[in-house]
Structure formats: structure tokens, C-alpha cells
Amino acid sequence: MRRFIAAALLLLAAATTGAALVPSASAARLKDIASVKGVRDNQIIGYGLVVGLNGTGDKRKTEFTIRSLTSLLAKMGIGVDPSLVQVRNVAAVMVTAVLDPFSRTGSKLDVLISSLGDASSLEGGTLLMTPLFGADGSVYAIAQGPISVGGFSAGGGGGGSSVQKNHPTVGRISAGATTEREIPYSIADKTHFELALNETDFTTALRAAQAINESLGVEAATARDAGTVDLVVPESMRGQLVSFMAQVESVEVQPDVVARVVLNERTGTVVMGADVRIGRVAVSHGSLSVTISTTNEVSQPNPFGAGSTVPFQNQDVVATEEAGGLSLVGGSVTVDELVRGLNDLGVTPRDLIAILQAVKSSGALAAELELM
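What you are looking at is a predicted structure, and each value in this text was computed from that prediction instead of being measured.

Caption draft 1: Up close: the overall build of the protein. Secondary structure assignment for the protein yields six helices and 23 strands. Sequence-distant contacts in the protein: of pairs separated by 6 or more residues, those separated by 24 or more amount to 72%. Surface exposure of the protein reaches about 21,800 Å², of which carbon and sulfur atoms provide 53%.

Caption draft 2: Representation of the sheet that holds strand β11 (residues 170–179) in the model. Ordered in space as β4-β5-β6-β11-β8-β7, the six strands form a closed barrel in which the pairing is antiparallel. The average angle at which neighbouring strand axes cross in this sheet is 30°, direction not considered. Note that strand β4 (residues 42–51) and strand β5 (residues 90–99) share ten bridges and pair antiparallel. Counterpart to L49 in the pairing with β5 is A92. Along the sheet face, helix α2 (residues 63–75) touches β4, β5 and β7 (126–133) and points at about 85° away from the line of β4.

Caption draft 3: Inspection of the confidence of the model for the protein at higher detail. Taken residue by residue, the protein gives an average pLDDT of 78. The fraction at 70 or more is 74%. Within the model, the stretch residues 1–25 combines pLDDT values under 50 with 51 contacts to residues more than four positions away or in other chains.

Caption draft 4: Structural detail: the side chain of S68. With respect to the element layout, S68 can be found in helix α2. Ignoring sequence-local partners within four residues, the contact set of S68 consists of Y47 and L49.

Caption draft 5: How the structure looks around helix α6 (residues 349–362). For α6, built from 14 residues, the straight-helix expectation of 20 Å at 1.5 Å per residue is met to within 8% by its first-to-last C-alpha distance of 20 Å. Buried within α6 we find D351, L352, I353, I355, L356 and V359. With its phi angle positive at about 90°, G363 sits one or two positions after the end of α6.

Caption draft 6: Looking closely at the sheet that holds strand β14 (residues 228–232). Read from one edge of the open sheet, four strands run β3-β12-β14-β13, paired in antiparallel fashion. The open sheet is flanked by β3 (34–36) and β13 (221–223), the only strands paired with a single partner. Between one strand and the next, the sheet's axes are offset by a mean angle of 25°, whatever the strand orientation. When strand β12 (residues 192–197) meets β14, the two strands line up antiparallel, connected through five bridges. Bridge assignment links H192 to a residue of β14, and that residue is V232. The strands touched by helix α4 (residues 241–249) within the sheet are β3, β12 and β14, with β14 carrying the most contacts at an inclination of about 145°.

Caption draft 7: Focus on the packing of helix α3 (residues 202–216) against α4. Contact pair α3 / α4: the axes reach a minimum separation of 10 Å and the direction vectors enclose 125°. Classified by the interaxial angle, the pair formed by α3 and α4 is oblique. As α3 packs across α4, the resulting crossing turns out to be right-handed. Counting all contacts with α3, which are made through I212, S215 and L216, the residues of α4 involved are F244, Q247 and V248.

Caption draft 8: Region of interest: unusual backbone geometry. Phi angles above zero are rare outside glycine, and A175 is one such case at about 55°. The topology assignment puts A175 in strand β11. Looking at A175, the relative accessible area reads 38%, which means it is partly exposed.

So, how was this worked out
- Residues numbered from 1 in each chain as written.
- Predicted model: local features only at pLDDT ≥ 70, side-chain atom pairs only at ≥ 80, totals over all residues.
- Heavy atoms only, no water.
- Helix = DSSP H or I, 4+ residues; strand = E, 2+ residues; numbered from the N terminus.
- Contact = heavy atoms within 4.5 Å.
- Areas by Shrake-Rupley, 256 points an atom, 1.4 Å probe, with all protein chains shown as cover.
- Pairing = 2+ DSSP bridges.
- Axes fitted to C-alpha atoms, helices over the stretch in contact; angles between N-to-C directions.
- pLDDT = per-residue confidence, 0-100.
- Expected span 1.5 Å × (residues − 1).
- Buried < 20%, exposed > 50% of the residue type's maximum accessible area, 1.4 Å probe, protein only.
- Parallel < 35°, antiparallel > 145°, perpendicular 65-115°, else oblique.
- Left-handed = near helix turned anticlockwise from the far one by under 90°.

Structure representation (C-alpha cells):
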């Protein structure tokens, strides 16, 4: 059976015009929609070994695991022939972490451990001391400790049945790394800050500057562009920068975003923002189902007659079209009213995707249409 979905739309009136800015229903803290330029996390990475596995480590052909293990033992004064080493209880891993810009020596970091070879599980393993490097090649932290996997993998071996929960080749160590080197960043003696918005928007930048000035009672913030707000520290707070920034980041701002409709045709998911508007349109929605059934039959000659047995097929074709009435949708309505109206038509998520694409083509949908 093949199914064809048709959605025909007739534009009755152009979408309403106007440039009124509709603020979001709820405000957000400035710290949740912006960040201070220069104050950012830094990724660090290292290569290490996980030991203590119950036969779920790397296989014998994983050469780099064998070399790493023999090199480690050599540093401890133990000479081992690599050809005699079996690494079923050892796994080579990559260790990653995020270093906060204000982390100090001795601060603890969470680390993520990911299998690098062909180990089947890191469950029950212990990460050996692993230096974590920054992009500049310097060691910023040292990681070590027992791994928490949060899953398991069990099987009969030899290609037999197996069962697995979650992802057993990736684990974490909470507070498993210790900071050894600090990021050279300080806010002392600063008189100027730049706030970078996570989502660039002129309206949001202007609202942020106005909200900051209203909260502080002085003209300290200026919107430079759609993504940056310049912040000058008032003279009265030059010696209280932490208190000043804490007050700024707690300021509530109503962010403004572009109206957008996100469609995922693979899963039939449709997500629409609250600011989506649609002009007045007429929607005719229906469907056509075509069913083709095939029956295998045999034609045989009469008894004692000339001829041969011939197989053939009979095909029955049935077409069914559902009634699709013309319904009015839109008229500068909100997304809630739009969805309610389309649901009254019995529109499925996949049909809604086709309808919204047609509405956008007609010019009645005042929003960006993004396909995933």
C-alpha cells in the first residue's frame, strides 16, 4: 500500500503587517543568556590506562595498549617482554575534562573516560594517574580513580547471545582530577567588561543594557551591537568587582528571539516558538490511499488437451480518498490557536509538516522554517 498526502492551501488575505515587538512571557537572568568576554571554560585532554577489568579490556592485537602498559612498567623498574603481555584486564582510554577559568590549584574536576581500543566494558575499572593537557601542551590537571559506568555488558562469548545496558565503554569519575596549573585570568583592577549574548539579537541587547542601568541606577551599560553589551564599572564600585558582577548577572531580561518553526521530517516532530504568527489562509486537507493486491493463479489445459500449465498473476487495485473540506486557519493567530485549529482538522505531525511548508510558500507564515 502506498500513501499519498495532499495539502492544498489558498491564500485569502495577506499576512498582517507591523513591526511591533512582542516580549517573551518570562524573563531570564542575564547570566543565563550572556557571558563575560574572556571568562570561558577550557578543554583539557589526556591518554591513560584503565586497569582491573574483568576480562573486558582490549584484545591482544591492540598494539598501543600493550606498548603503553610495558612502558609504564618499565618506568617502575619492571622489564617485561611485550610479546608475553596480555591486556584483557587493561584498556587504553582518552580522558577529557573542562577547566573553569577561576579554578585554583587543588580544585577538583569531573572527568570523562572513553575507551580508545576494542574493550567491551570499563565496568569496575580504575584509571591510573593521567596528566591532562591544554591546547598549549602544558599539564593543567592530574586524573585518577575508580570509574563509574552506569551500565553493563554481559555475554556468552564466541559470538553468542549478549545483553547490554547504556554505554559501558564510557564512564565518569566525579571530582576525579586535581587542578595543577591555574588559568592566568584575573578581574582585579578592571574598569570595563564586555557581555556576549548567547543568541545575538538587537532587541535583547538593548533590553539587557536598559535593565542593567535600571538595576544599578547609573548609565553603566551600552548595547554596542546585536551580540555585545559594553559595561563600565562605576567609580563607587571599582573596589567591589565581585559584588558588582554578581548584581549585574542577576539582572532579569526578557530575551527576544526570531519566530521560528523547526521541522524534523524523519521523526515527524514539529516545534514552534510562541511568537509564530500566521496570516489568514484556507486549508484543504485530505489523503489518497492506493491498495494493490496480487493473487498468484495457474492456468491448466483441459484433460488430454494440447497445451501446458502457465502461472499468472491477478492484480486488484482499490483507491480510497478521504474527504477533505476547506477550512479557515490563521488570521494573525498565536501558535496555540494555530495548533488547536489544525488539530480540529485531524492533522497528524507529518501532515502538519507539509501544511506548514505550503503555508510558508504562500507567504502567510511570519516565521523562519528550519528543516532538521
